[in-house]
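Chain by chain, the residues run as shown.
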Amino acid sequence: MRIKFWGVRGSIPTPGRDTVEFGGNTTCMEILSAGKERIIFDAGTGIRVLGLELMQAEFGQGKGKAHIFFTHSHWDHIQGFPFFAPAYIGRKDMQGNRLTDFCNEFNLYGAADVGDRLESTLRGQMDNYYFPVDLNYLSSSINFRTLKNNQVTIGSITISALKLVHPNGVLGYRIEDGNSSVALATDCEHPSDGTIDQNLLELAQNVDVLIYDGQYTPEEYAPHKFNLPGPGKQGFGHSTAQEGIRAAKAAGAKRLLITHHDPLHNDEFLQNMENEARKLFATTDFAREGMTIEI
Ligand SMILES: [Zn+2]
Ligand SMILES: [Zn+2]
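These numbers were taken from a predicted model, which means no experiment stands behind them.

### As for unusual backbone geometry
Here Asn206, not a glycine, exhibits a phi torsion of approximately 55°, which is positive. As for its position among the elements, Asn206 is in the loop between helix H3 (198-204) and strand S13 (209-213). Under the C-beta neighbour-count criterion, Asn206 is labelled exposed, with 10 such atoms within 10 Å. Positive phi is not limited to glycine here, since Asn227 has a value of about 55°. Within the secondary structure, Asn227 is located in the loop between helix H4 (218-221) and helix H5 (241-251). By C-beta crowding, Asn227 is classed as exposed, having 7 other C-beta atoms within 10 Å.

Written as structure tokens, this is what we have:
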């Protein structure tokens, strides 16, 4: 499968000269399976740029199909959806029925217990108070799906989901395609008692790539441990690259990709964080917008 990062920033987009290398768009990742199924994870602002690329091919003619999985519905994971151009492509007949040959198709997945809310959350952010166009205006075929038993098979790909620790909950995903596997664990906080989240270990067991939320430095996360002032970031639902490395080693992950970069961290800062992390686990990279991995 091919993995491409379209947005790796956490919390809020950070355009500007200081974030050119790692990128400023919020969370969006695309997987193309060996069988050419297209799976998208989260609709942060990165999905806008992905949408523009998709429009160049079959999605521009209303002949595209993709599956969009949501980890959770915080702003930085849904805000790009109203700007996802392929969602607007579709034609209807005189009776208002969609013409399937000219209609992009999207299946949107959420957790069993938050999936019911996915539609109302996406509809809510397109309420007239916030956005000029209603969700019903999108001409493509949009189907809201709930993950049954937290697992779904799409062509050659199997996707499993487990809950991780984050305010209001988040889903971590394990994606398997033949002998290739990847785990996505963005927006997750490590346990405070020094253990490693069992669900994370299960998702990441022997994966080729673990993608992990390393938003903070250890000093930012828990300044008191370094005799530094400040309240720290504990309880905000995010983690550190160092905790990601502990999890990657314990789970036997071959490679670690750190994502959900903090808006306060510019390219130079992130490069330093990456250098530090590699000293502990050589196969660590900090994800960059546009980065592509084949596994
Ligand atoms: Zn987030
Ligand atoms: Zn979040």
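So much for the structure itself; the text now carries on.
### Observations concerning the environment of Arg255
For Arg255, the position within the fold is in strand S14 (residues 255-259). Measuring from C-alpha to C-alpha, the distance between Arg255 and Pro229 comes to 34 Å, with 26 residues separating the pair along the chain. Aside from chain neighbours lying at most four places away, what touches Arg255 is Asp208, Val209 and Thr283.

### Comments concerning the sheet that holds S14
Strand order across the open sheet formed by seven strands is S9-S10-S11-S12-S13-S14-S15, with mixed pairing between neighbours. Every interior strand has two partners, whereas the edge strands, strand S9 (151-154) and strand S15 (284-286), have only one. Neighbouring strand axes in the sheet, compared pairwise and without regard to direction, differ in orientation by 20° on average. Summarising the sheet, S14 and S15 pair through three bridges and their orientation is parallel. Each residue of the ladder has a partner; that of Leu256, found in S15, is Thr284. Seen against the sheet, helix H6 (residues 267-280) touches S14 and S15 and runs at an angle of roughly 170° to S15.

How each quantity is defined
- Residues numbered from 1 in each chain as written.
- Chains lettered and ligands numbered in written order.
- Predicted model: local features only at pLDDT ≥ 70, side-chain atom pairs only at ≥ 80, totals over all residues.
- Helix = DSSP H or I, 4+ residues; strand = E, 2+ residues; numbered from the N terminus.
- Buried ≥ 20, exposed ≤ 12 C-beta atoms within 10 Å, placed from the backbone.
- Contact = placed C-beta atoms within 7 Å.
- Pairing = 2+ DSSP bridges.
- Axes fitted to C-alpha atoms, helices over the stretch in contact; angles between N-to-C directions.

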